[in-house]
Every structure is written in structure tokens, then in C-alpha cells.
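Remarks on the overall topology
What follows is the residue order along each chain.
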Amino acid sequence: MKPRRRVAIFGATGSIGTNAIRVIRAHSDQLELIAIAGGSRVEPLAEIAREFKLKHVSVFDPGNQTEKELKDQFPGDTSITTGLEGLIHTATLEEVDMVLIAVVGITALQACIEAIKHRKKIALASKEILVMAGEFIMPLVEKYDGLLLPTDSEHNAIFQCLSGNSTKHVRNIILTASGGRYRNTPMEQLAVITPEEAVKHPNWNMGQKISIDSSTMANKGLEVIEAKWLFGMKPAQIEVVIHPQSIIHSMVQYVDGSVVAQMSPPNMSFAIQHCLLYPDRAPGVDPTIDFAKPFSLDFEAPDFTRFPCLRLAFDVLKMGHTAPAIYNAANEIAVQAFIENRISFLDIPKVIEFTLESLSITPPSSIQDIIDADLEARERSLKKTLK
Ligand code: NAD
Ligand code: MG
């Protein structure tokens, strides 16, 4: 019998992490959960540790708990690590084969790099990592002869559509987008959207930040940039199409005009399972498409005036260098400011545009240059949102 794949999950209590745990539970003959990492909510991490008898848990921010108080919440033989060091420790554990990275933002950047260097297979949901540092991460994967599997549903779809084909025959890749909640909302109503409304998505059940990014289409913008690095596409080869049903997760059009699409219900468990078991397959944990019931697939071009965050992402894609890092950082700050009611929904793209215009965009010579650009963009955009 094949040995089980040993998995570590970063962001184990989040939307992606919870789905990943469902997949691991259902396929315990093929997958073994070895370690988890989470932010600050200790109890749900402890619950997972008890269920899977985990030896390794990383709590990024235990607040003001003492080491003993923290330890007492976990089974006796669970070792607890904290902070960035804890993440890196978890990513490089001898007994881990694959790390699923599903933490919002770029906190796991360094740990991702170390995991690649330690020849771990990577399932990457945290799109921000490639948006910021794809230029450095992708060559590293190649250098270590590694495997980086895209867990974001669009990129996972493209990965599947490319299987058995050469990228040199690709005319373009077509990322689908649901268009979010506000695809048809009159523009004047967009100005008064509240964070509580923006977080609700018509098709997907996701974390808070990505749900708001879906409403502004900054999420698709980040995915456009992520796609460039993952699949080595030129900006002109990346297209976005609105597909409100979220059943086709993305497509690849080949030079001969054939289009290959990947379909599954709008549930992240399909992409997550594809990564965790790759290259094997097994029955999924959620209901599949029922072709006996009528349904339709619609497509339309995205409206760049309605969704300036998407337009800006295509600009940033062409600018390259530190521009994607600035876009990502400014968006994160703007979304947080929107959540805290400091700016309106329509101010989010304005903050991004302001930050991009007010900082110089330079070719990064190292990851540190990108981290510096990220910090500078955060400071600049924060000032803008505090005015
Ligand atoms: P979420 O907010 O639901 O969960 C985030 C998780 O990260 C939580 O478990 C939290 O405890 C943990 N966390 C926070 N800070 C941490 C830290 N410093 N160290 C370790 N863990 C930390 O987020 P999500 O929706 O699951 O998204 C996670 C990532 O996956 C994001 O980058 C998002 O863009 C990407 N993604 C999500 C979806 C989705 O359907 N939710 C789809 C595609 C891509
Ligand atoms: Mg996606």
C-alpha cells in the first residue's frame, strides 16, 4: 500500500483550512494531518489537535497567554510553536510531505520559501504570495525541482486544463469571475454599501477579506497577476470573463481554437482535494454537478468602469516590478479601512490608485525589495485612509 501523504495546513481554522480538514477526514487512507498553524483563535486549533492527535501546532499570535496557559489547552504530547519562527518550523518539519498554505496575506511568505527549500510539495491558496513574490518563488520551485499546486479554484482549473498540453500551444487563459454581488447594482447604490453587505457572496462561502475582494473584483485582479507567474503567461494572454454561475472555474484556449474548461460546483473542496491527492483522484466530499437537472452557463465581458480594481490590476500586470506588491498592500489596507467604516466601498480602488501613483515602481533585486515596497505602500495607503 502507498504510504499516506503527510500534510501540514496553514490557516487550518479558516474557510480553506476547514474544507481541507473535511477532505483529509474523508480520505484518511491516503492523507494524514501532521501539523496545523493558525492565527490567534486557540480553541478551534486545540479541537483539531485533539481529533487528529497532532504533535505539532503553531499559534501565530497567542496574545498575552503564558507558554504554560497555551500548552495546557492542548493534548500533553502536542508541541506548540509561535510567531514567524513557529510557521517556519511547521513548514520544514521532517515528517511533512505537503504544506497547504491558506493564510490571508503574505505572513506565510518566508515559511513558503523555506518549505520549497526543504523540498515540500506546496498547495498554495494564499494568492498574495505569488502576487507579491512570484518572480522569486517560481524560479525557486524550479531550482528545487519542486511541485507548487494552485489551490485557488481558477488556477486549479487552468492547471487541470493544461494537463497533457504544452503551454507553447496556448493562445490565452480565461479566468472566470462570478462578478460578485454588485454585477448589476446601480452605480449610485455602490457608494453606500456596508461591509456587512459586501462580505456576502452569491455563490461562494469564503473568509471576510476575500469576500470583500470579490465584491470589488480586486480578488480577480490578484488572480490575474497570480496566473501570470503560475503559468508563465504574457499580460495579453490573460483574459477575464464574467460567468455568474461559477460552474466553469476557468478555461484555456489553444492556438487552434479549442477551449478546454474545468467544471465543478462552486465549492472549494474540489480544488483542495485535487491538490491534496494530486496526481491521484478519489470521490469528492461534496455533491457533484447533476446534468439531469437543467442549468445554464452564461458569459459576459467585465465592466472595467464598474470595477476599477480589476482595471488597475491589468495596469499593474503590465507595469510589473514592485507594482503588484503595492497593489496588494494598498488593497489590504483599503479593505481594512472599509471594514472599519473609515472609507466607503468606492474609495477602495481610489486608495489603490493613489498609492500606485505616489510611489515609484522599481525592479526588485531581492525579496527584501518587495517586502520594503509592501511596507511603504502600507504606510502610504494607511495615511490616505486616516485622512
Ligand atoms: P479565512 O479568513 O477564512 O482564514 C484564514 C486562516 O488563517 C484562519 O485559520 C486564521 O486563524 C489563519 N491565520 C491568520 N493569521 C495567521 C498567521 N499569521 N499565521 C497562521 N495562520 C493565520 O481565509 P480564507 O478565506 O480561508 O483564505 C485564506 C487564503 O486562501 C487567502 O489568501 C485567500 O485569498 C485564499 N483563497 C481563499 C478562497 C476561499 O474560498 N476562501 C479561495 C481561493 C483562495
Ligand atoms: Mg479564486
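Residues numbered from 1 in each chain as written. Chains lettered and ligands numbered in written order. Predicted model: local features only at pLDDT ≥ 70, side-chain atom pairs only at ≥ 80, totals over all residues. Heavy atoms only, no water.

For the rest of this paragraph, the subject is the layout of surface pockets. Reported here for the largest pocket is a volume of approximately 930 Å³. Every residue lining the largest pocket is counted, 48 residues in all, and those nearest its centre are Ser15, Ile16, Val104, Gly207 and Ile210. Top contributing element to the lining of the largest pocket by residue count: helix α10 (residues 208–216), with four residues. Both domains that meet at the lining of the largest pocket, namely domain 1 (5–150) and domain 2 (155–270 + 287–386), each give it at least three residues. As a volume, the second largest pocket reaches approximately 250 Å³. (1 Å grid on protein atoms, 1.4 Å probe; cavity = no way out; pocket = protein on both sides within 12 Å on 5 of 7 lines; lining within 4 Å. Points joined across faces, edges and corners; volume = space filled by probe spheres on them. Helix = DSSP H or I, 4+ residues; strand = E, 2+ residues; numbered from the N terminus. Domains from an automatic or database assignment.)

Moving on, we come to the coordination of the magnesium ion (ligand 2). For the magnesium ion (ligand 2), the full set of protein donor atoms is Asp152 (OD), Glu154 (OE) and Glu223 (OE), and the range of their distances to it is 2.1 to 2.2 Å. The motif formed by the donor residues of the magnesium ion (ligand 2), counted along the single chain, is D-x1-E-x68-E. Residue aspartate 152 is found in the loop between β7 (148–150) and α7 (153–162), and its partner glutamate 223 is found in helix α11 (residues 218–231); the two are separated by 71 residues along the sequence. Judged by its relative accessible area of 1%, glutamate 223 falls in the buried class. (Donors = N, O, S within 2.8 Å, 3.2 Å for Na, K, Ca; no water. Buried < 20%, exposed > 50% of the residue type's maximum accessible area, 1.4 Å probe, protein only.)

Scanning the entire structure with this criterion turns up five aromatic pairs. With a centroid separation of 5.9 Å and 75 degrees between ring planes, the pair formed by phenylalanine 304 and phenylalanine 314 is classed as edge-to-face. A residue pair is termed long-range when its members are at least 10 positions apart, and phenylalanine 304 in the loop between α12 (269–277) and α13 (308–319) and phenylalanine 314 in helix α13 qualify at 10 residues. The exposure class of phenylalanine 304 is partly exposed, given its relative accessible area of 34%. One aromatic cluster is present, formed by Tyr182, Phe338 and Phe345 through successive ring pairs. The side chain of lysine 228 reaches across the aromatic face of tryptophan 229, ending 4.6 Å from its centre. The side chain of lysine 384 reaches across the aromatic face of phenylalanine 354, ending 4.4 Å from its centre. (Phe/Tyr/Trp six-rings, centres within 6.5 Å; stacked < 30°, edge-to-face > 60°. Lys NZ or Arg CZ within 6 Å of the ring centre and 35° of its normal.)

Leftover empty space is mapped by rolling, across the atoms, a probe with the size of a water molecule. The tally for this structure, following the rule as stated, stands at three cavities of 30 Å³ or more. By volume, the largest cavity is sized at about 70 Å³. If you trace the largest cavity, you find it lined by Ser215, Thr216, Arg306, Phe307, Pro308, Cys309, Phe345, Leu346 and Pro349. Those elements giving two or more residues to the lining of the largest cavity turn out to be α10 and α13. Of the voids in this model, the second largest cavity is the one considered here, and its volume is about 50 Å³. Every residue along the wall of the second largest cavity is listed here: Ser153, Asn156, Trp204, His249, Gln262, Ser264, Asn267, Met268, Phe270 and Ala271.

The next point concerns helix α6 (residues 127–143). Taking 1.5 Å as the rise per residue, α6 with 17 residues should run 24 Å; its terminal C-alpha atoms sit only 21 Å apart, a clear shortfall. At alanine 133, α6 shows its maximal kink, close to 100 degrees. α6 sits mainly inside the fold: 12 of its 17 residues count as buried. Those residues of α6 not exposed but buried are Lys127, Glu128, Ile129, Leu130, Val131, Met132, Ala133, Gly134, Ile137, Met138, Leu140 and Val141. (Expected span 1.5 Å × (residues − 1). Bend = angle between axes of the 7 residues up to and from the residue.)

Before going further, it helps to examine the domain arrangement of the chain. Each domain of the chain was delimited in the assignment, giving domain 1 (5–150) and domain 2 (155–270 + 287–386). A straight line from the C-alpha centre of domain 1 to that of domain 2 covers 24 Å. At the junction of the two partners, domain 1 supplies 23 residues and domain 2 supplies 31 residues. For the pair domain 1 and domain 2, the summed buried surface comes to about 2300 Å²; carbon and sulfur atoms form 71% of the total. For the domain 1 face of the interface with domain 2, the top three residues by lost area are Lys127, Val131 and Pro150, together amounting to 30%. Viewed at the interface, domain 2 and domain 1 are joined by one salt bridge. Residues lysine 127 and glutamate 223 are paired through a salt bridge, measuring 2.8 Å at the closest nitrogen-oxygen approach. In this assembly, domain 1 and domain 2 are joined by four residue pairs in polar contact (both at pLDDT 80 or more). (Contact = heavy atoms within 4.5 Å. Buried area = accessible area lost by both parts, 1.4 Å probe. Salt bridge = Lys/Arg side-chain N within 4 Å of Asp/Glu carboxyl O. Polar contact = N/O pair within 3.5 Å; in protein donor to acceptor, adjacent residues only side chain to side chain.)

Attention now goes to the pattern of salt bridges. Here the idea is simple: oppositely charged side chains can pair when their charged atoms come close. Throughout the structure, instances matching the rule amount to 20 salt bridges. Across the pair aspartate 280 and lysine 2 runs a salt bridge whose closest N-O atoms are separated by 3.0 Å. With aspartate 280 in the loop between α12 and α13 and lysine 2 in the segment before β1 (5–10), this residue pair connects regions lying 278 residues apart in the sequence. Overall, aspartate 280 belongs to the partly exposed group, its relative accessible area being 31%.

Take the side chain of arginine 5 next. Here arginine 5 lies in strand β1. Summary of buried charges: arginine 5 has no salt-bridge partner, and the nearest side chain of opposite charge, aspartate 97, is 5.8 Å away. Here the side chain of arginine 5 touches leucine 276 through a polar contact of 2.8 Å, landing on its backbone oxygen. In this structure the side chain of arginine 5 is engaged in a polar contact, spanning 2.8 Å, whose partner is the backbone oxygen of tyrosine 278. (Lys, Arg positive; Asp, Glu negative; His and termini not counted.)

The next subject is the nonpolar core. Counting residues in each nonpolar core, the largest one holds 124 residues, and the members touching the most others are Ile9, Ile137, Ile173 and Tyr327. Per-element tally for this core: the top contributor is helix α14 (residues 323–339), with 11 residues. Split by domain, this core shows at least three residues from each of two domains, domain 1 (5–150) and domain 2 (155–270 + 287–386). When sequence neighbours within four positions are dropped, the list of residues in contact with isoleucine 137 reads Leu109, Cys112, Ile113, Ile116, Ile129, Leu130 and Leu148. (Core = buried A, V, L, I, M, F, W, Y, C linked by side-chain atoms within 4.5 Å.)

Around ligand 1 sit 22 residues in total, of which Thr13, Gly14, Ser15, Ile16 and Glu128 are the nearest. The contact in question runs from an oxygen atom of ligand 1 to an N or O atom on the backbone of isoleucine 16, over 2.9 Å. With respect to ligand 1, the side chain of glutamate 128 contributes an N or O atom lying 2.8 Å from an oxygen atom. Protein contact buries 87% of the 830 Å² of open area that ligand 1 shows by itself. Of the pockets mapped on this structure, ligand 1 occupies the largest pocket. For the shell around ligand 1, the secondary structure elements donating two or more residues are α1 (15–26) and α6. Taken together, the residues that form the shell around ligand 1 break down as 10 nonpolar, nine polar and three charged. (Near = heavy atom within 4 Å. Areas by Shrake-Rupley, 256 points an atom, 1.4 Å probe, with all protein chains shown as cover. Sits in = over half its atoms within 2 Å of the grid points. Nonpolar A, V, L, I, M, F, W, Y, C, P; charged D, E, K, R; others polar.)

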